[in-house]
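A look at the structure
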Amino acid sequence: MPPVTASGALDDPQRAWEFNPDYQRLVVAWNAVLPHLETLSTALDKAYGLAKSPQTWDAPVGERYVQDIREWRNRLAVYRHSVLTAISDEAADTPRWVRTTAGAPHAFL
């Protein structure tokens, strides 16, 4: 919701707000990257499940692959966290609503 402003005798009665395009860009960036991160996470989870299965590996070398996949999963989790943190940090300094000369407030959908 846009900010609520008290309208007094000295206030401009036509104050309108719009969703900040800079904040909208951050929302779009997160929505664009999230499906890719989910796809990677799902693929690594599936590979990890298969690698841990005793039916997949008979040799002791299999544990090395399990450790590699575990490390990739951890790195993906750290990367996802860093992307979200970067977007959140920028969003914290960006107002969601800005004044406009339009007649009514509207939100980004």
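Rules behind the numbers
Residues numbered from 1 in each chain as written. Predicted model: local features only at pLDDT ≥ 70, side-chain atom pairs only at ≥ 80, totals over all residues. Heavy atoms only, no water. Helix = DSSP H or I, 4+ residues; strand = E, 2+ residues; numbered from the N terminus. Buried < 20%, exposed > 50% of the residue type's maximum accessible area, 1.4 Å probe, protein only. Contact = heavy atoms within 4.5 Å. Expected span 1.5 Å × (residues − 1). Phe/Tyr/Trp six-rings, centres within 6.5 Å; stacked < 30°, edge-to-face > 60°. Polar contact = N/O pair within 3.5 Å; in protein donor to acceptor, adjacent residues only side chain to side chain. Axes fitted to C-alpha atoms, helices over the stretch in contact; angles between N-to-C directions. Parallel < 35°, antiparallel > 145°, perpendicular 65-115°, else oblique. Nonpolar A, V, L, I, M, F, W, Y, C, P; charged D, E, K, R; others polar.

Looking only at helices and strands, the protein chain has two helices and two strands in total. Start at the N end of the protein chain and walk to the C end: the helices and strands fall as β-α-α-β. By residue count, 20% of the 109 residues in the protein chain fall in the buried class. Excluding contacts between residues fewer than 6 apart, the proportion of contacts in the protein chain whose partners are at least 24 apart in sequence is 79%.

We now examine helix α2 (residues 62–92). With 31 residues, α2 ought to run about 45 Å at 1.5 Å a step, and its terminal C-alpha atoms sit 45 Å apart, in line with that. Contact partners of the buried residues in α2: α1 (21–52).

Bringing the side chain of Asn20 into the picture now. You can see Asn20 is positioned in the loop between β1 (16–19) and α1. Setting aside residues up to four positions removed in sequence, Asn20 forms contacts with Thr94, Pro95, Arg96, Trp97 and Val98.

A few words now on the packing of aromatic side chains. What describes a pair of aromatic rings is the distance from one ring centre to the other and the angle between the planes of the rings. For the structure on display, the rule yields two aromatic pairs. With 5.7 Å between their ring centres and 85 degrees between their planes, Phe19 and Tyr23 make a pair best called edge-to-face. The buried category is assigned to Tyr23, whose relative accessible area is 12%. Summarising the aromatic geometry, the rings of Phe19 and Trp97 are spaced 5.6 Å apart at their centres and angled 90 degrees between planes, so their arrangement reads as edge-to-face.

Turning our eyes to something else, we now look at α1. Taking 1.5 Å of rise per residue, 32 residues should cover 46 Å, and α1 covers 46 Å from first to last C-alpha, within 8% of that figure. All of the buried residues along α1 are Tyr23, Leu26, Trp30, Leu37, Leu44, Tyr48 and Ala51. Of the surrounding elements, those touching the buried residues of α1 are β1 and α2. The N-terminus of α1 is capped by Asn20, whose side-chain oxygen sits 3.0 Å from the backbone nitrogen of Asp22.

Helix packing for two helices is described by the angle between their axes and how far apart those axes are. Interaxial distance between α1 and α2 falls to 10 Å at its minimum, and their mutual angle equals 170 degrees. Relative to α2, the element α1 lies roughly antiparallel. Within the contact of α1 with α2, the residues separate by chemical class into 21 nonpolar, one polar and eight charged.

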